[in-house]
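Notes for the structure review
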Amino acid sequence: MKILVMGAGKMGSFFIDLLSFDHEIAVYEKDARRLRFTYNCYRFQRLEEVKEFQPELVINAVTVKYTVSAFEEVMPYLPANCIISDIASVKTGLKDYYLSAGHPFVSTHPMFGPTFANLNQLSEENAIIINEGDYMGRIFFKDLYQKLGLNIYEYSFREHDETVAYSLSIPFVSTFVFAAVMKHQDAPGTTFKRHMKIAKGVMNEDDYLLQEILFNPYTSGQVSKIREELKELLQIIDTKDADGMRRYLEKIRSHVRCNS
C-alpha cells in the first residue's frame, strides 16, 4: 500500500519505521531537520510531490494543534478514494470534520506515547480504534496493532473522549498538583523520585496537547472527583480519624487491586 505519513516527529517517525518494510512510504514534513531521522521512505516538502505519489492512505501524525489544518492543506492533493486517518489523543471536532471531508476515514489512538512507553515492547500498552470510520481502514490498523501485541479497544468518538478524560486527565491533574506544591529535596525518598520522573515526563508534553486533554468536555467531572477525594482525606487528617483512615486506605487499595 502507498502510505503518506504527515509529520516526522516521534510518533510519525515511529510509524514510518514500522511500516516502511511492508509498504511504500512517504513522509511530508516542512521542517527539513526532522527528515534527517527518517529512512527507507520518500521525503517530501512540497505538496506537488504528494500529488505525484498518489497515496492510498494518509496517517496524520502532526501535533494535535494542527491535525485539522494539516488535513485541509493536503486534501486538494489526494486521490478521491484515499483513506485519511489520524492518531490524535484528542478527537474533539474530528468527527464533524471527517463527515464533511468527502474521504473515507479512520481514527485511532495508540495510547503509548513516546514519553513513557518502550516502543520495542508494547504488549502491555493499549490502542483505541474508533468504530465509526471506514471498514477497510479499521482493519488495516487492527492488523497493525495486533502485530505489535497491543490490547485493542473499539469505541465511538464520544466513548473515546470519555475514556481519555478518565485515563489521561486524572493522572495529568494529579501530576500538576504534585509539581505545584513540591520543593527541592536534598535527600528525596524513592516515592518522591518516582513521582518526579513522571512529572518531568508529563511536563515535556506539548502545552497544547495538555490543554486540549484538560479542556475535553468530560474532564471537569473527573477533576471534580479528585477535589471530593481530597476534601474527604483532608477531613480525616485534620481530625486524626484512625478508623476513617483505615477505611479510606482499604477503599483505595481495592481500587488498585481492581486495576492491577
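Computed from a predicted structure; not experimentally measured. (Residues numbered from 1 in each chain as written. Predicted model: local features only at pLDDT ≥ 70, side-chain atom pairs only at ≥ 80, totals over all residues. Heavy atoms only, no water.)

Space inside the second largest pocket adds up to approximately 280 Å³. Around the second largest pocket, the lining residues are M6, G7, Y28, E29, K30, R34, V62, T63, Y66, S69, A70 and E73. For the lining of the second largest pocket, the element with the most residues is helix 3 (residues 67-74), which contributes three residues. Residue composition of the lining of the second largest pocket, by class: five nonpolar, three polar and four charged. (1 Å grid on protein atoms, 1.4 Å probe; cavity = no way out; pocket = protein on both sides within 12 Å on 5 of 7 lines; lining within 4 Å. Points joined across faces, edges and corners; volume = space filled by probe spheres on them. Helix = DSSP H or I, 4+ residues; strand = E, 2+ residues; numbered from the N terminus. Nonpolar A, V, L, I, M, F, W, Y, C, P; charged D, E, K, R; others polar.)

Take the sheet that holds strand 2 (residues 24-28) next. Reading across the sheet, the eight strands line up as 3-2-1-4-5-6-7-8 and stay open at both edges, with mixed pairing between neighbours. The open sheet is flanked by strand 3 (42-44) and strand 8 (151-155), the only strands paired with a single partner. Within the sheet, the average angular offset between the axes of one strand and its neighbour, ignoring direction, is 20°. Pairing between strand 5 (residues 83-86) and strand 6 (residues 105-110): three bridges, direction parallel. When the bridges of strand 6 are listed, S85 appears paired with V106. Where helix 4 (residues 94-101) meets the sheet, its contacts fall on strand 5 and strand 6, and the angle it forms with strand 5 comes to roughly 170°. (Pairing = 2+ DSSP bridges. Axes fitted to C-alpha atoms, helices over the stretch in contact; angles between N-to-C directions. Contact = heavy atoms within 4.5 Å.)

You can read the domains of the protein chain as domain 1 (2-155) and domain 2 (160-259). Using C-alpha coordinates to define each centre, domain 1 is positioned 31 Å away from domain 2. Opposite the 15 residues of domain 1 that make contact, domain 2 presents 17 residues. Counting every contact that joins domain 1 to domain 2 gives zero salt bridges. Grouping the constituent residues of the side of domain 1 that touches domain 2 by class yields eight nonpolar, five polar and two charged. (Domains from an automatic or database assignment. Salt bridge = Lys/Arg side-chain N within 4 Å of Asp/Glu carboxyl O.)

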